[in-house]
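# Structure assessment
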Amino acid sequence: MPHDEIREPVRVLTFPRQTFVSLLVFCVFWEVLSHLAPVLGIPPFAIPSLVRIAKSIATITPIDIVVTLARVIGALIASFVLGLAMAMAMYRSDRLEKYLHPIVRLFMAVPVVSWILFAVLWFPGVEFRIGFVLVVVCGPVFMVDTLDAMRSVPRELRHMMQSFRPTGLQFFIKLMLPAIVPTIFTSWKVNISLAIRVVTIAELVGAVTGIGHQLSVAQELFSVADVFAWTIVLVALLFMLEAIVARVEHRLLRWRA
Amino acid sequence: MSVPPPIDVRGLRKVFWQTTTGQAVIAIDQLDLTIAPREVLAIVGQTGCGKSTFFDLMIGLEAPTEGSIRIGDKYPHADFDHFRGKIATVFQQDRLLPWRSALDNAKLPLELIGMDEDEQRKRALTWLKRLGLGQFTNAYPHELSGGMRQRVAIARAFVVQPDILLADEAFGHLDEVTAAELRETFLALARECGSTAILITHQLEEAISVGDRIVVFGKSAKLLADIHVAQWPKSKYALLREAIQFTLQNNRLDPRLKRIGAKAKRKKKR
Ligand SMILES: Nc1ncnc2c1ncn2[C@@H]1O[C@H](COP(=O)(O)OP(=O)(O)OP(=O)(O)O)[C@@H](O)[C@H]1O
Ligand SMILES: [Mg+2]
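These remarks concern the structure in this document. Because the structure is predicted, anything quoted here is derived from the model rather than measured. (Residues numbered from 1 in each chain as written. Chains lettered and ligands numbered in written order. Predicted model: local features only at pLDDT ≥ 70, side-chain atom pairs only at ≥ 80, totals over all residues. Heavy atoms only, no water.)

### Some details on helix α6 (residues 176-193) of chain B
All names here are of chain B. Basically, it comes down to this: Each helix is a run of DSSP H or I of at least 4 residues and each strand a run of E of at least 2, with the numbering of both proceeding from the N terminus. How far a helix is expected to stretch is found by multiplying one less than its residue total by 1.5 Å. Whether a residue is buried, partly exposed or exposed follows from its accessible area with a 1.4 Å probe, protein chains only, as a fraction of its type maximum: under 20%, in between, or over 50%, in that order. Note: the arc covers the axis-to-C-beta directions of the helix.
When the terminal C-alpha atoms of α6 are compared, their 25 Å separation across 18 residues agrees well with the 26 Å that a helix rising 1.5 Å per residue should span. By the burial criterion, the buried members of α6 are Thr178, Ala179, Leu182, Arg183, Phe186, Leu187, Leu189, Ala190 and Cys193. Projected onto a plane normal to the axis of α6, the buried residues spread over an arc of 165 degrees and lie on a single side. Counted as exposed and oriented over 90 degrees from the buried face of α6: Glu176 and Val177. Gly194 sits one or two residues past α6 and shows a positive phi near 70 degrees.

Right, dumping it as structure tokens:
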């Protein structure tokens with residue numbers, strides 16, 4: 001077939017030279033600073049050398065990474081399912097939308113820290129607290145994004161679809177869902193970075209596992225090297241998740257020019 | 001090949017309430033029209049006279065404000081599910097789903113009636129081939145030209161072999177040669193399928209070449225003229241075109257249309 005797509009290689013993590021250079025400059029600057037610290041009157045633990053950080057990275061416990069990752073992914077999936085279901089219900093019923101919209105707006109205005117405190121005060125279980133905070137923060141984002149996207153599916157396409165008389169379910173599955181896939185991906189990308197940042201704060205309170213917990217331990221030990229190491233892990237985790245989403249997105253959105 | 005049911009429009013009225021101004025727009029007012037099975041009908045009328053609204057009512061997207069459209073003994077809005085796979089529309093823009101290949105677009109209506117997967121593919125392929133798209137079944141809409149996309153849209157309408165085919169300015173946006181070619185194909189296929197076909201058009205040439213019957217809508221879908229083209233000899237087509245033009249411009253029936261129609265009737269009686 002002449003139109004069988006020519007598959008371009010997907011570059012997941014590309015490192016242009018500029019990125020490499022700027023990272024290198026930053027590392028050199030950091031290393032120099034760490035050696036100059038005593039001269040500058042900065043306590044030595046504040047700016048650990050790269051070697052010290054590398055040692056910290058070597059001691060990182062994979063179980064904490066797995067736990068945090070599981071919490072993030074689990075909560076994101078729950079948020080997505082909930083958000084999408086609510087968006088679909090609100091798309092079908094204007095009345096429901098009128099009642100729910102203010103509440104959702106209210107939820108989105110509440111600071112994350114407040115949610116964490118509420119969670120601690122309301123719920124006994126640590127996992128449930130973390131899950132609650134993540135879902136309450138990410139769910140509305142999914143909902144608002146997908147509802148918006150459904151609303152902006154062109155009238156022409158909706159009419160065309162209707163003219164072939166689908167059932168309500170067919171209408172959603174064959175038109176609405178595929179039409180909002182690009183938005184769903186954007187929403188996932190936003191929510192992944194949001195969830196990674198929120199989960200660590202949530203884990204600071206009361207969790208005995210996870211990256212957030214390890215960060216609080218590092219802080220108690222005044223170990224900047226450990227904080228640094230865990231932060232690197234977090235950033236790497238975020239990049240990895242984003243890369244996975246980008247990859248799936250590229251596959252699914254091949255139909256776009 | 002089953003005979004499509006007749007279409008009977010009685011006292012049809014459609015009023016829209018404009019949300020911004022709160023004013024009523026009478027899109028269709030007291031329309032009476034009967035369309036026989038397998039008739040090929042062209043509707044002409046000035047912009048905003050309610051042609052597309054008439055189609056929306058035929059499709060069942062909207063309910064009539066008053067009066068009714070009856071197809072056989074069913075109503076397209078009230079009996080929405082009954083007409084699944086029986087009415088198909090080709091729109092002005094192709095309205096293909098951009099995430100589906102030509103083949104998947106063409107088989108969409110078959111998916112909705114729950115046909116067997118293999119059969120869907122087979123049928124869609126057959127129709128795409130008939131429309132000259134055998135080479136492009138895997139192409140996405142953005143990889144096709146406007147004319148090719150409209151061909152896919154036509155294939156999509158024909159896959160279900162509908163009783164009633166609607167085309168709302170389906171060829172208006174294409175260049176003349178492509179439009180004429182596609183119109184020919186469309187009409188030939190419609191006749192072959194034995195479907196009733198209704199075409200909305202702006203172009204009188206198109207309306208006349210369509211064949212059986214031309215109805216001219218005035219404002220609010222007022223029926224200004226109902227012309228049976230067969231009653232006109234080919235040599236009088238120029239006159240016919242002029243008379244339709246006059247009717248459109250003056251929003252009233254051109255007397256010349258009356259006379260010829262009457263003459264033909266008298267001839268028939270004898
Ligand atoms: N959903 C709607 N809400 C309000 N008014 C509408 C709606 N749909 C159509 N109208 C009005 O009804 C009238 C007829 O519109 P319609 O689209 O049927 O015209 P048309 O004959 O198809 O015109 P064109 O040749 O330009 O396509 C117009 O005045 C239009 O503004
Ligand atoms: Mg129109």
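From this point, things continue past the structure.
### Re the pattern of salt bridges
As a reminder of what qualifies: The working definition used for a salt bridge is a side-chain nitrogen of Lys or Arg within 4 Å of a carboxyl oxygen of Asp or Glu.
For the coordinates displayed, the defined rule picks out 27 salt bridges over all chains. Linking Asp32 of chain B and Arg10 of chain B is a salt bridge whose minimum nitrogen-to-oxygen distance equals 3.4 Å. Of this pair, Asp32 of chain B sits in strand β2 (residues 24-35) while Arg10 of chain B sits in strand β1 (residues 7-17), placing them 22 residues apart in sequence. Its relative accessible area of 39% is what places Arg10 of chain B among the partly exposed residues. Salt bridges linked by common partners bring Lys174 of chain A together with Arg100, Asp104, Lys107, Glu111 and Glu117 of chain B together as one network.

### Some details on the site of ligand 1
Residue and element names in this part refer to chain B. Stated precisely, the cut-off is as follows: Each residue is tested against the molecule or strand, and it is near if at least one of its non-hydrogen atoms lies within 4 Å. Every accessible area reported is derived by Shrake-Rupley at a probe size of 1.4 Å, with residue values counting cover from the shown protein chains alone.
Close to ligand 1 lie Phe16, Val25, Ala27, Thr47, Gly48, Cys49, Gly50, Lys51, Ser52, Thr53, Glu169 and His202, which account for all nearby residues. Relative to its unbound accessible surface of 640 Å², ligand 1 loses 68% to contact with the protein. Put simply, the parts of the chain that give the shell around ligand 1 at least two residues each are β2 and α1 (51-59). Here the shell around ligand 1 takes three residues from α1, the largest share from any one element.

### Here we look at the pairing of strand β3 (residues 40-45) of chain B
Here is the key point about a regular strand: its side chains alternate between the two faces of the sheet. Residue and element names in this part refer to chain B. Condition: Think of it this way: DSSP has to see at least two bridges between two strands before they count as a pair.
With respect to burial, β3 is a largely interior element, six of its six residues being buried. On β3, burial covers both faces: Val40, Ala42 and Val44 on one face and Leu41, Ile43 and Gly45 on the other are all buried. Here β3 runs beside strand β7 (residues 196-201); their pairing, made up of five bridges, is parallel. From the neighbouring strand, Val40 faces β7, where its bridge partner is Ala197. Judged from the five bridges that link them, β3 and strand β8 (residues 213-217) form a sheet pairing that is parallel. Bridge pairing in β8 links Val44 to Val216.

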